[in-house]
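Architecture at a glance
One letter stands for each residue in the lines below.
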Amino acid sequence: MLGSRGDGGWLFWRVVAWGRRSGGSKRQVIFFILCVFLCRSAAETLRYSLAEEMERDSFVANITNDLGIAPSQLAARKARVVSEGNEQLFRLNRNTGVLTVKESLDREEICPQSDTCTLFFKIFFENPLQLIRGEVEIRDVNDNSPVFPEKEMVLEILETTPPGSRFPLESAQDKDVGSNGLQNYSLGSNPHFSLALGTGKDGVKHAELVLERQLDREEQRELNLLLTATDGGSPPRSGTAQIRIVVLDANDNIPLFSREVYEVHLAENSPPGQLAVRVTAADPDEGSYGKVRYAFTQTLERARQLFELNPATGEIRVAGNLDFEEAENHKMVVRATDGGGLSAHCKVQVEVLDVNDNAPEIALTSLSASIPEDAPPRTVVALFSVRDRDSGDNGRTECAIDGDLPFSLTPTFDNYYELRTNAALDRERTAEYNITITATDWGMMRLSSQESIFVQISDVNDNPPEFTQEVYTMLVTENNSPMLRIGSVNATDADAGKNARISYALLRQEGKEQPDVSVNSENGDVYILRPLDYEEVRFFEVAVGAADGGSPPLSAQAVLRVVVRDENDNTPVVLHPLPDADVGPNAKVTYSLAPAHPAEQAPCSCISVNSENGHVFVLRPLDYERVRQIEVSVSASDAGTPPLSANVTVRLLVVDENDNAPLVLYPAQDSSPASSELVPMSAEAGYLITKVVAVDADSGQNSWLSYHLLRATDPGLFAVGAQSGEVWLRRPVTDRDAMKQKLVILVRDNGRPPLSATAALSALLLKDFSDVRLPHSSLATEDEGGSLTTYLIISLVFVSLLFLVSISAFVTRKVCKRKELKGEHVLYGTGHLQSGLADAAAAGTLPHPYCYEISLTTGSGNSEFKFLKPMVPSLPPQLSAMGGGTDDDLHFPHGPVAVEDTAPENPGTLTAEQFHSLSFNYANVTVRLVVMDENDNAPLVLYPAQDSSPASSELVPMSAEAGYLITKVVAVDADSGQNSWLSYHLLRATDPGLFAVGAQSGEVRLRRPVTDRDTMKQKLVILVRDNGRPPLSATAALSALLLKDFSDVRLPHSSLATEDEGGSLTTYLIISLVFVSLLFLVSISAFVTRKVCKRKELKGEHVLYGTGHLQSGLADAAAAGTLPHPYCYEISLTTGSGNSEFKFLKPMVPSLPPQLSAMGGGTDDDVHFPHGPVAVADTAPENPGTLSAEQFHSLSFN
C-alpha cells in the first residue's frame, strides 16, 4: 500500500515544536501560523490503493508514518476514521495508527458501472480540531467470467438469404474492467457462417454472424453453433452460448383476394353485429407464410367506427348505427398480410339502403293568430313546410287535415303548404279551431307526424238581438203602487264583446199616447209608472226594441202586453137569486174503489179510500223494485134515488229509496279464494289489470255506482277508475314491489245515505307467465295416465262396496221384517175409523197425481209423514178460495168462520153468490234472470290438429338464428270475458332451452341458434290455459325436425307418428267399472219393481173407509174442497207395527182434539200427539168418536 502526504503536514508539526521552545512573546505569531497551516492541512488528501477481494482486516496504510506524528497522538487527540456513506468500510487502530478494511471488498458490487473505483474517508482529530481526507482506490481482479444474456440464441433465416448477410448476435457481459474485461469472441467451425468482430464507440466489442454459403432448407433445417467469449485476465476466463439457426421457407407467394372490389348493400337499420361481408385472401405458402391476417388501411375513421373487421376470419360486421341520411356509402380498404410480411389489398364498398326511419317534420313559417268570421273563402291562415330526411318514396310526403273542418291545404313550392279557409266561418257556431295537420310519408311502413294549429275566429256584428219571446204578457193588479216592477224582457245576441251589448227602449207609435210603462235600458226590467184601474183599462200593448252595440248596430223588437187583473174594489150587485140544484141527501157523496171490469186488472189491495172524505191510504209498504206505479179507479156517488156517480183515475207513483246495496258480479266474492290477476313485471303505468263489475237494483241516482281503492298492499301502485271500475297500474312495476298484491275495492252508490259493498282481489307480479304454478293437473309434468288409473280404481272400489252394502241391508231388512210379521197384521174396518178422515179422502182435497199409502200402527209414538206446507183438513172455504198473490201478501184469519157466512143447507160451504162476491188480490212481477258465464269450457286447439293422426312436424333449418318462427298454436275458448283469455306455455320439450312460446300469441320460436349437438327430432307439448277460476287447459303436441337441407326430408308416417301411450290396464278398469255400475243399477231396479208389485197385491186386502163412519166435520171440510183434489190417501193400519214407515212433512192426526188441532204450526219436534183414543166427552153423544157440527165450527185454524 502506498501513502503520500504534502509538505504542509511536516511543516505543521515543525512549527508546533518550535512554538513550545519559544517564549510567550511569540505565541500570538505562532498561533496565527498554526491556523494558517491547519487550514492548509485540511485540504491535504491521503491516497492509497487496495486490490478487491482482500480478506477482512487487511492492511491499508499506517497513517502515523504518512502524517509524521507519534502513535500516541492518535489516542490523545481521539482520532477516528469515518467513511462516506451509511456503511463504515475502514477501521483505525489508535495504538498503532494502522488503517484496515472491516470486510472483504468487491469492486463489482461497490462500483458496478465504473472503470475506476475509489472509496473516500475522513480522519478527525481533536485538541486541536483537525480534519484529514483520504481515498482508497480498489483495484480490479479478474474474478468474473463473460456471461451471455441467453444460453441459447435462435435465429430464423430464410433460405433465400444471400451470402455475406450479417446477423448481429447478443454481446456477452463481463463485470471486470480493463484488461480483465471482455476481449474476444470465437465461433465453432461450420461450413456456412463465420464470425466478424467489431468495437463500438463506447469501446464495447460485439460479434456478427456472417453467412458464407447460402442455406438450403431441404438439405438442413437447423444449424447449431457454439459462440465463445474470452476476457483478458490471467488466467483468462470465458463464457459460451448456443446459437440455433432455423432455416425458414421462402415466402415467394403473396396473399390473393377472391375479388378486388366487394360491393355490399346494407339497410340503415341493420343491428350491430350483423355480418356485412366476408373478405377472403388465399396464400399457397405453408406455415406462417400461409396464415393471412386482415386489417383496415386507407380507411376513414368514421368507417372504422361503423364497421369492425375480424383479423382472423375477414368478417366485416356492423359495429355502429348506420344512417342513410348521414352517408349513403362507405369505402374501406382491407389489407391481407401473410406471416412473411407480404400483403395484398382489396376494396369494400358498402351502400347504405334507405329505410323509412324518419318521420316527416312540420315547420311552421307563419300563422295568423285570429281571422274575422266574415273572411272570404281561400283566405290564407298559415304557411308551413314539410321535410322528410329519407329518400325516394320514403321521403315523399303528403299532408291532410284531421276531421271535417272548413279548412284546406294547398301545396305551393318546395314542400311548402298553405292552410286556407274553404268555407264561410261563423264564430257563433265555432269560436276557435284546433286544426291537426298530419304529414305522412310514402314508405312501406308509413310514418307520420302531427302539428296542431290553434286558430281563433274574431267576432263580426252579423247577428241582431233576438227576444226570447215574441209577445211578453205581464200581469198587474189594479190600484198598484207607482214605479212597480212587473217583469222584464230579455233579448240575446250571439255575437261577443261590444257587439253583444244590448240596450232596451220603448218604441213610440205615431198617433198613440205614451203608455204608463217604462223599460230599463240595461236589464230590460218593466215598470208601471202610475196606478191602473181594471174597470178603465183591462190590457194594453206596447213595442219594445233591443239594439246591440255593433257598428252599425242591429236591432229587434217584441210586443209587451200588460194585462190588468181585477181587484175586489166594487160592491156586488144582486141581480137575481139562483137556488142550488141538489140539497140534502142528494148532495151527500161517498167514495169507493170502482170495481174492476172483467177484462181489466183487479184493483191493488194495498190502496184504500175513505168513503166519507175521499182520503187515499196505502195499506202496506211498497217496493219500488217490484211495483213502480199503481193505478186505481175511484168512484164518487151521491145518496139520491137513483144515485148518480162519477169515476176518476188515481195514479200512485212509487219513489225509489236507496234500500239496495251494490252487488259485485266480478270478481266473484263467494267463499272461494279471491281471484288472482297476472301482471307482468314489464308492465308500464296505465296497464289494465282487471275491471270490477257491479250492479245496483235501485234506479236513478241511487243506482249510480262509484269505485274506490279501499285498501291495498301498496296503494301507490294501483289506481281505480271512479266510474268504470277499471283497475290499472299507477306507476311501472319495480323489483322492490311485493310479488303478491292484495286489493279491496269499495263500490258505493249515490243514495242518501249511500250503501256500499267491497270486492277483494289479488294481483301476482310475474316476470314471465310461464313461471306461474297453479294447483291443477294441467300444469303437472308427469304423465296424466297414472292419475286416471288411480281415479278408476277408487271409483271401482267405491261402487263395489256400495253394491255389497245395499245387498246386505236388503237381506237384513227382509229377515227382520219376516220375524216381526209372524203374528199377522190386522186391518181395521171402516166402522172403527174416524169419519173425518173418510170424508176428507172422498172430497179429494189433495191433487190426484200424488198417492200416499199410510200405514198406521198401534202403539206408534209419532207419525213420520211430513207435509211440505201446514195443512188442516177442515180449512174454511173462503180461505181456500182466495189463492193468487205471493205468500207474503196473503194473511189468513185466525178465528173461526161464522155460520152465517156459509150456505144454510150445507154448513161449512159457500154459496155461488158468496163465492163470486169474494175479491182476489194479486200482482205481477217481471223476473230478469241474467246468466253469468262460468268457466265450463276448456280451450280448443285448432292448430296443430290434436286428433288421432300423428302430431304435425315442423321443419327447422339448422342455420336458423334465435327468434326464428317455427309455428303458431291457435286455440279458442267458447267462454266469454276473462274466461276466454288464453295464455300459452311450454309444458314439455326434448330440449326446453331451445324453444320459447309467446304467452299471448302462441308463437313457437327458437330461444337460441341451432347447433350440431341438438337432437334432430324435437318433441314439444304446449299448454293452453284460460283465465277462468279455476282455469281450464288443453295441450297441443307437435314435433320439429332440425334439418340442414329441406331436400333431405323423409316423411314416412311411421317415422313421425308418436307411439301409443294408452295402456291396457286403463281399458280393463273402465270395463270393470261399467259392469259393476250396471249390476248395481239392475239390483236397485229389481228391488224397486218388487216393492211396487207387492203393494199392488196388497190392495185387495186394504179397507177404504166410507164417509159415514168418519167425523162429519172432516167430511164437510173435504166436501168443501179446502185442499187440492189431486191428492188421494189410502190408509192401512196394522197391529204390532213398531214404527210407521210413512212420513208426513207436517204433523197431522185424523182424530186430533179441537184444542190440539187449533194449535197448528210448529215442527215435528214441537208437537206431541196423544197415543190414546179421544175422550167421549169431546165427541158428539149420538156418534161417539166424532165431533158435532157446533164443536167443529167452534174450532179455530191457523
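These numbers were taken from a predicted model, which means no experiment stands behind them.

Further remarks concern the overall build of the protein. Secondary structure summary: the protein contains 15 helices and 65 strands in total. With 1198 residues in all, the protein has 36% of them scored as buried. Counting only contacts in the protein whose residues sit at least 6 apart along the sequence, the fraction spanning at least 24 positions is 68%. Carbon together with sulfur atoms contributes 54% to the accessible area of the protein, which is approximately 70900 Å² in total.

Before going further, it helps to spend a moment on a negative patch on the surface. Taken together, the side chains of Glu535, Glu536, Asp566, Glu567 and Asp569 define an acidic patch exposed on the protein surface. Mapping Glu567 onto the fold places it in the loop between strand S40 (555-565) and strand S41 (589-593).

Glancing now at the sheet that holds strand S25 (residues 370-372). Read from one edge to the other, the open sheet built from four strands follows the order S25-S31-S30-S27, with strand pairing classed as mixed. The sheet terminates laterally at S25 and strand S27 (397-401), the two strands that pair on one side only. Across this sheet, the average inter-strand angle for adjacent strands is 30°, counted without regard to direction. Bridge count between S25 and strand S31 (residues 448-458): three bridges; the pairing is parallel. Bridged to Ile371 within S31 is Ile457.

Our next topic: the state of the cysteines. Counted by the stated rule, this structure contains one disulfide. A sulfur-sulfur separation of 2.2 Å characterises the disulfide bridge that pairs Cys111 with Cys117. Judged by the sign of its S-S torsion, about 60°, the cystine formed by Cys111 and Cys117 is right-handed.

So, about the pattern of salt bridges. This model, assessed by the stated rule, comprises 24 salt bridges. Ionic pairing is found between Asp714 and Arg731, a salt bridge with its closest N-O pair at 2.7 Å. Of this pair, Asp714 sits in the loop between strand S50 (705-712) and strand S51 (718-720) while Arg731 sits in the loop between strand S52 (726-729) and strand S53 (740-749); the two residues are 17 residues apart in sequence, bridging distant segments of the chain. Judged by its relative accessible area of 22%, Asp714 falls in the partly exposed class. Here Arg731 falls in the partly exposed class, since its relative accessible area comes to 26%. Through salt bridges with shared partners, a single ionic network connects Glu152, Glu222 and Arg244.

If you trace the three strands from one edge of the open sheet to the other, you get S58-S62-S61, paired in antiparallel fashion. Single-partner strands in this sheet number two, and they are strand S58 (965-968) and strand S61 (995-997). Between one strand axis and the next, the sheet turns through 20° on average, direction left out of account.

Right, let's talk about the side chain of Arg427 for a bit. Topologically, Arg427 is positioned in the loop between strand S29 (416-421) and strand S30 (432-441). Of the polar contacts made by the side chain of Arg427, one reaches the backbone oxygen of Ala494; its length is 2.8 Å. Look past the residues within four positions of Arg427 in its chain and what remains in contact with it is Glu373, Ile457, Ser458, Asp459, Ala494, Asp495 and Ala496.

The final tally for this structure, using the stated rule, is ten aromatic pairs. Here Phe257 and Tyr294 contribute two aromatic rings whose centre-to-centre distance is 6.3 Å and whose plane-to-plane angle is 55°, an arrangement assigned as tilted. Of this pair, Phe257 sits in strand S15 (residues 256-257) while Tyr294 sits in strand S19 (residues 293-297), and the two are 37 residues apart along the sequence. There is no split in this pair, since Phe257 and Tyr294 are both buried. Seen from their ring centres, Phe467 and Tyr472 are 6.1 Å apart, and the 75° between their planes marks the pair as edge-to-face. The exposure class assigned to Phe467 is buried, which follows from its relative accessible area of 14%. A relative accessible area of 5% places Tyr472 in the buried class. Pairwise contacts between aromatic rings join Phe467, Tyr472 and Tyr504 into one cluster. The ring of Trp442 is capped by Arg396, whose NZ or CZ atom sits 3.8 Å from the centre of that ring.

Okay, the nonpolar core next. In terms of nonpolar packing, the biggest core is built from 27 residues, with Phe257, Val279, Tyr294, Phe307, Ile316, Val334 and Val348 touching the most fellow members. Elements represented by at least two residues in this core include exactly strand S16 (261-267), strand S17 (275-278), S19, helix H6 (301-306), strand S20 (307-309), strand S21 (315-318), strand S22 (329-337) and strand S23 (343-353). Here this core gets five residues from one element, more than from any other, and that element is S23. If we skip the residues at most four places from it in the chain, Ile316 touches Gln274, Leu275, Ala276, Val277, Val279, Phe296, Phe307, Glu308, Leu309, Val334 and Val348.

Quick look at a nonpolar patch on the surface now. Together, Leu940, Leu942, Tyr943, Val970 and Val972 make up an exposed nonpolar region whose accessible area comes to about 420 Å². The set of elements that each furnish at least two residues to the nonpolar patch consists of strand S56 (940-943) and strand S59 (970-972). Here the element with the most residues in the nonpolar patch is S56; it accounts for three residues. With respect to the element layout, Tyr943 can be found in strand S56. For Tyr943, a relative accessible area of 36% gives the class partly exposed.

What follows covers unusual backbone geometry. The residue after Thr641, namely Pro642, is reached through a cis peptide bond having omega -5°. Residue Pro667 is bonded to the preceding Tyr666 through a cis peptide linkage, with omega at -5°. The topology assignment puts Pro667 in the loop between strand S46 (663-666) and strand S47 (676-680). In this structure, Asn127 takes a positive phi of about 55° despite not being glycine. Although it is not a glycine, Met483 sits at a positive phi angle of roughly 55°. Inspection of the secondary structure puts Met483 in the loop between strand S33 (471-477) and strand S34 (484-488).

A separate point is the environment of Gly188. Mapped onto the elements, Gly188 comes out in the loop between strand S10 (182-187) and strand S11 (193-199). In this structure, the C-alpha to C-alpha distance between Gly188 and Asn224, residues 36 residues apart in sequence, is 9.4 Å.

Moving on to the environment of Gln305. In this structure, Gln305 sits in helix H6. For Gln305, a relative accessible area of 43% translates into the label partly exposed. Other than its neighbours up to four places away in sequence, Gln305 contacts Ala319 and Gly320.

Right, let's get into the environment of Val1021. On the secondary structure map, Val1021 appears in strand S63 (residues 1017-1026). By relative accessible area, which is 15% here, Val1021 ends up buried. Along the sequence, Val1021 and His985 sit 36 residues apart, while their C-alpha atoms lie 8.8 Å from each other. Not counting residues within four places of it along the chain, the set of residues in contact with Val1021 comprises His985, Leu986, Leu987, Arg988, Thr1035 and Ala1036.

Across the protein, the average pLDDT comes to 76, with 73% of residues at 70 or higher. A low-confidence stretch, residues 576-580 stays under pLDDT 50, and its non-local contacts, those more than four residues away or across chains, total zero contacts. Of the regions scoring below 50 in pLDDT, residues 1048-1062 engages in 13 contacts with residues more than four places distant in sequence or in other chains.

The rules behind each value
Residues numbered from 1 in each chain as written. Predicted model: local features only at pLDDT ≥ 70, side-chain atom pairs only at ≥ 80, totals over all residues. Heavy atoms only, no water. Helix = DSSP H or I, 4+ residues; strand = E, 2+ residues; numbered from the N terminus. Buried < 20%, exposed > 50% of the residue type's maximum accessible area, 1.4 Å probe, protein only. Contact = heavy atoms within 4.5 Å. Areas by Shrake-Rupley, 256 points an atom, 1.4 Å probe, with all protein chains shown as cover. Patch = residues over 30% accessible without salt bridge, like charges linked within 9 Å, V, L, I, M, F, W, Y side chains within 5 Å. Salt bridge = Lys/Arg side-chain N within 4 Å of Asp/Glu carboxyl O. Lys, Arg positive; Asp, Glu negative; His and termini not counted. Charge placed at Lys NZ, Arg CZ, Asp CG, Glu CD. Pairing = 2+ DSSP bridges. Axes fitted to C-alpha atoms, helices over the stretch in contact; angles between N-to-C directions. Disulfide = S-S within 2.5 Å. Polar contact = N/O pair within 3.5 Å; in protein donor to acceptor, adjacent residues only side chain to side chain. Phe/Tyr/Trp six-rings, centres within 6.5 Å; stacked < 30°, edge-to-face > 60°. Lys NZ or Arg CZ within 6 Å of the ring centre and 35° of its normal. Core = buried A, V, L, I, M, F, W, Y, C linked by side-chain atoms within 4.5 Å. pLDDT = per-residue confidence, 0-100.

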